[in-house]
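# Analysis of the macromolecular model
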There are 2 protein chains.
Amino acid sequence: METKKIAKIFKALSNPNRLELYLKIAEAHEASFKSGCECFVTDIIDCLNIGAPTISHHIKELANADLITTEKRGKFLICKVNEHLVAEVSEILTLKHPTE
Amino acid sequence: METKKIAKIFKALSNPNRLELYLKIAEAHEASFKSGCECFVTDIIDCLNIGAPTISHHIKELANADLITTEKRGKFLICKVNEHLVAEVSEILTLKHPTE
DNA sequence: AAATCGATTCGAGACTTATCGAAATATGAT
DNA sequence: ATCATATTTCGATAAGTCTCGAATCGATTT
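Values in this document were obtained by computation on a predicted structure and should not be read as measured data. As a convention, each chain's residues are numbered from 1 in the sequence order in which they are written. Chains and ligands are labelled by the order in which they are written, letters from A for the one and numbers from 1 for the other. Only residues with pLDDT of at least 70 get local features here, since the model is predicted, and only at 80 or more are side-chain atom pairs given and counted; chain-wide, interface and lining totals rely on the full set of residues.

### Structural notes on the nonpolar core
By convention in this section, buried Ala, Val, Leu, Ile, Met, Phe, Trp, Tyr and Cys residues joined through C-beta atoms within 7 Å make up a nonpolar core. Any residue surrounded by 20 or more other C-beta atoms within 10 Å of its C-beta is treated as buried, while 12 or fewer makes it exposed and the intermediate range makes it partly exposed; C-beta atoms here are placed from the backbone. A:Ile25, A:Leu67 and B:Ile25 are the most contacted members of the largest nonpolar core, which has 48 residues in total. Apart from the residues within four sequence positions on either side, A:Leu67 is in contact with A:Ile9, A:Ala12, A:Tyr22, A:Leu62, A:Val81, A:Asn82, A:Leu85 and A:Val86. Contact definition: two residues whose C-beta atoms, as placed from backbone geometry, lie within 7 Å.

Quick look at the structure:
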């Protein structure tokens, strides 16, 4: 993976609110395997004390870094984690993987 | 670990040049176990095409995020990776570890 | 069709950051 | 002591970011 792309991923996680947003999505994503219910953005908004416009902006950045994918269902938005990418980044961070 | 602290770590890695700097330090740090020679900042400066003042600033940010530790030997600066922290962050990223 | 609700877009304000050149510091070499 | 080298500090500029409120869009409900 290119350094620029990796940096972009880290940048997406570099804002406290956006990171918390990502972690909540990741948690819900993880839990969905057992519970079956998915991660609705609406539910997250109540947890973080930032406005909806900001959340929307943050989600777009996470998606733009390929950390998550989004899917619109009716008027709701559902988020999923791109597990493959996250695993790859984790390996680069710990240098288990050659950077190329 | 606090979300704020984790975000700070990611922020430290969110700039392409600084990320490359970190990766070079990590590589040299890794190699030092076999070769015995350590990571001198001077050698890195030539690889990245940014000035010395900027490098100095970036190193301070990496150290400030606890990603690396620095040690002055004579007029040279040596950097080591804080492996423990990196491992922890990597686990948080992949959600192997509860966030608390 | 009107109202409601979730999400998005837009424009703006306050704040932070990356980078540089010049100058300063400090250590080691001549 | 003088000089060269490695790093740091300072001041400045240009660019980017976070967040908000207001307005808008789209889908569902009444």
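Picking up where we left off.
### Here's the deal with the packing of helix α1 (residues 3-12) of chain A against helix α2 (residues 16-35) of chain B
Here, axes are lines fitted to C-alpha atoms. For helices the fit covers the stretch in contact, and angles between N-to-C directions go from 0 to 180 degrees. Comment: elements are numbered from the N terminus, with helices defined as DSSP H or I runs of at least four residues and strands as E runs of at least two. Two elements in contact, α1(A) and α2(B), have axes separated by 9 Å at closest approach and are oriented at 105°. Classed by the angle they form, the pair α1(A) and α2(B) counts as roughly perpendicular. For the pair formed by α1(A) and α2(B), the contact residues are A:Thr3, A:Lys4, A:Ile6, A:Ala7 and A:Phe10 on the first element and B:Pro16, B:Leu19 and B:Glu20 on the second. Of the residues that constitute the contact of α1(A) with α2(B), the class distribution is five nonpolar, one polar and two charged. Here is the rule for angles: anything less than 35 degrees is roughly parallel, anything more than 145 is roughly antiparallel, 65 through 115 is roughly perpendicular, and the remaining ranges are oblique. Each residue gets one of three labels, nonpolar for Ala, Val, Leu, Ile, Met, Phe, Trp, Tyr, Cys and Pro, charged for Asp, Glu, Lys and Arg, and polar for the others, Gly among them.

### Considering the protein's contact with DNA strand C
Around DNA strand C sit 21 residues in total, of which A:Pro53, A:Ser56, B:Asn15, B:Pro53 and B:Gly74 are the nearest. Looking at the surface near DNA strand C element by element, the count peaks at five residues for helix α4 (residues 52-64) of chain A. For the surface near DNA strand C, the per-class residue count stands at 10 nonpolar, nine polar and two charged. Here is the check we use: build the C-beta atom from the backbone, and if it is within 6 Å of the molecule or strand, call the residue near.

### Some words on unusual backbone geometry
Residues and elements named next belong to chain B. Positive phi, close to 70°, is recorded for Asp 66, a residue that is not glycine. One can find Asp 66 in the loop between α4 (52-64) and β1 (68-73). Accessibility expressed as a C-beta count within 10 Å gives 16 for Asp 66, which makes it partly exposed. Despite not being glycine, Leu 95 has its phi angle at roughly 65°, a positive value. Within the fold, Leu 95 resides in the segment after α5 (83-94).

### Structural notes on the protein's contact with DNA strand D
The full set close to DNA strand D counts 20 residues, and A:Asn15, A:Pro53, A:Gly74, B:Pro53 and B:Ser56 are the nearest of them. Elements represented by at least two residues in the surface near DNA strand D include exactly α4 of chain A together with α3 (41-47), α4 and β2 (76-81) of chain B. Looking at which element gives the most residues to the surface near DNA strand D, the answer is α4(B), with four residues.

### Examining the interface of chain A and chain B
Each side of the interface is counted separately: chain A has 23 residues, and chain B has 23 residues. Those elements that place two or more of their residues in the side of chain A that touches chain B are α1, α2 (16-35) and α5 (83-94) of chain A. Tallied by class, the residues present in the side of chain A that touches chain B amount to 13 nonpolar, six polar and four charged.

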